[in-house]
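Results of the structural survey
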Amino acid sequence: MKLTLITTLFASAAAFAPSKVAQSSTSLSASLDGVTGSLDPMGVFDPLNLAEKATDATLARYREAELAHGRVAMLAVVGFLVGEKVEGSGFFFDASISGPAITHITQVPDGFWAVIIAFIGAYEASRAEAGWVDPADCPVDQPGLLLDDYAPGDLKFDPFGLMPDDAEEFDIMQTKELQNGRLAMLAAAGFLAQEAVDGKGIIEHFTASA
């Protein structure tokens, strides 16, 4: 997990794709049919009917959380695989970290944590400032409001100029990011569970079954 720790810090690498949510202040379930991220034949997958009780502000927070966790998960999956593949190579920490990725976190030198915590804190503070209403200005019964001019996930980070100008292409790219993020969240959870069960790395599982 040595690379997982580093790559998860850059969870907004796909931040060129702000989310489009339905605009309504009442029940939104009926207007979710065409929301970005829904694909046939499933359409909108909401088995707990969370959208029925959601306002536009709540749905925006849901989408912000989904994008953030999906981006972290995509990078974490890559970190799992790359971290285990390069272990013992001296690429990081003088080849002192080895074994399944879930054990790497306990092998990282203590000083590294100060850098990690500081970086994450700075990143989250910047994200909060870009998209969130100051808590002092939020109504007591509406914590965690997003700014009116902020689209969930849009951190103005597009170093490679990948964001399409065409609206249809933009929706397709948004949907790809959401779908890959959802898959990555399931994959990361599966990696964690599998390694916790038998203590073997994911790469080791792949090579053993080959």
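Preceding this section is the structure that the text describes.
Let us look at the structure shown here.

**A few points about the overall build of the protein**
Each helix and strand counted, the protein has six helices and zero strands in total. Scanning the protein from its N terminus toward the C terminus, one meets helices and strands in the order α-α-α-α-α-α. When the 210 residues of the protein are sorted by exposure, 33% land in the buried category. Within the protein, residue pairs in contact and separated by at least 24 positions form 72% of the contacts whose partners lie at least 6 positions apart. Split by element, the accessible area of the protein, about 12,200 Å² in all, is 63% carbon and sulfur.

**Things to note about the nonpolar core**
Counting eight residues, the largest nonpolar core consists of Ala73, Val77, Phe80, Ala101, Ala184, Ala188, Phe191 and Ile202. Elements with a minimum of two residues in this core: helix H2 (56-85) and helix H5 (167-198).

**Topic: the pattern of salt bridges**
Across all of its chains, the model carries six salt bridges by this definition. Two residues, Glu124 and Arg127, come together in a salt bridge whose shortest N-O distance is 3.1 Å. One end of the pair is Glu124 and the other is Arg127, both in helix H4 (residues 110-131) and three residues apart, which spans about a single turn. Here the salt bridges do not stand alone but share partners, grouping Arg63, Glu66 and Arg182 into one network.

**Quick look at H5**
Counted at 1.5 Å a residue, the expected span for H5 with its 32 residues is 46 Å, and the 47 Å between its end C-alpha atoms agrees. The set of residues buried in H5 consists of Phe170, Gln174, Thr175, Glu177, Leu178, Gly181, Ala184, Ala188, Phe191 and Glu195. For H5, the side-chain oxygen to backbone nitrogen distance between the N-cap and Glu168 is 3.1 Å, and the N-cap itself is Asp166. Trailing H5 by a residue or two, Gly199 shows a phi angle of about 70 degrees, which is positive.

**Digging into the side chain of Arg63**
As for its placement among the helices and strands, Arg63 is situated in helix H2. By relative accessible area, Arg63 is classed as buried at 8%. Within the structure, the side chain of Arg63 is placed 3.1 Å from the backbone oxygen of Thr36, a separation counted as a polar contact.

**Examining a nonpolar patch on the surface**
Judged by side-chain polarity, Leu48, Leu50 and Tyr62 come together as a nonpolar surface patch covering roughly 300 Å² of accessible area. Note that Tyr62 resides in helix H2.

**Concerning the packing of H2 against H5**
Closest axis-to-axis distance for the H2/H5 pair is 7 Å, and the angle between their directions is 50 degrees. With respect to their mutual orientation, H2 and H5 come out oblique. Here the hand of the crossing between H2 and H5 comes out left-handed. Seen from H2, the contacting residues are Arg63, Glu66, Leu67, His69, Gly70, Arg71, Ala73, Met74, Val77, Phe80, Leu81 and Glu84; seen from H5, they are Glu177, Leu178, Asn180, Gly181, Arg182, Ala184, Met185, Ala187, Ala188, Phe191, Leu192 and Glu195. Residues that form the contact of H2 with H5 fall into these classes: 13 nonpolar, four polar and seven charged.

About the thresholds
Residues numbered from 1 in each chain as written. Predicted model: local features only at pLDDT ≥ 70, side-chain atom pairs only at ≥ 80, totals over all residues. Heavy atoms only, no water. Helix = DSSP H or I, 4+ residues; strand = E, 2+ residues; numbered from the N terminus. Buried < 20%, exposed > 50% of the residue type's maximum accessible area, 1.4 Å probe, protein only. Contact = heavy atoms within 4.5 Å. Areas by Shrake-Rupley, 256 points an atom, 1.4 Å probe, with all protein chains shown as cover. Core = buried A, V, L, I, M, F, W, Y, C linked by side-chain atoms within 4.5 Å. Salt bridge = Lys/Arg side-chain N within 4 Å of Asp/Glu carboxyl O. Expected span 1.5 Å × (residues − 1). Polar contact = N/O pair within 3.5 Å; in protein donor to acceptor, adjacent residues only side chain to side chain. Patch = residues over 30% accessible without salt bridge, like charges linked within 9 Å, V, L, I, M, F, W, Y side chains within 5 Å. Axes fitted to C-alpha atoms, helices over the stretch in contact; angles between N-to-C directions. Parallel < 35°, antiparallel > 145°, perpendicular 65-115°, else oblique. Left-handed = near helix turned anticlockwise from the far one by under 90°. Nonpolar A, V, L, I, M, F, W, Y, C, P; charged D, E, K, R; others polar.

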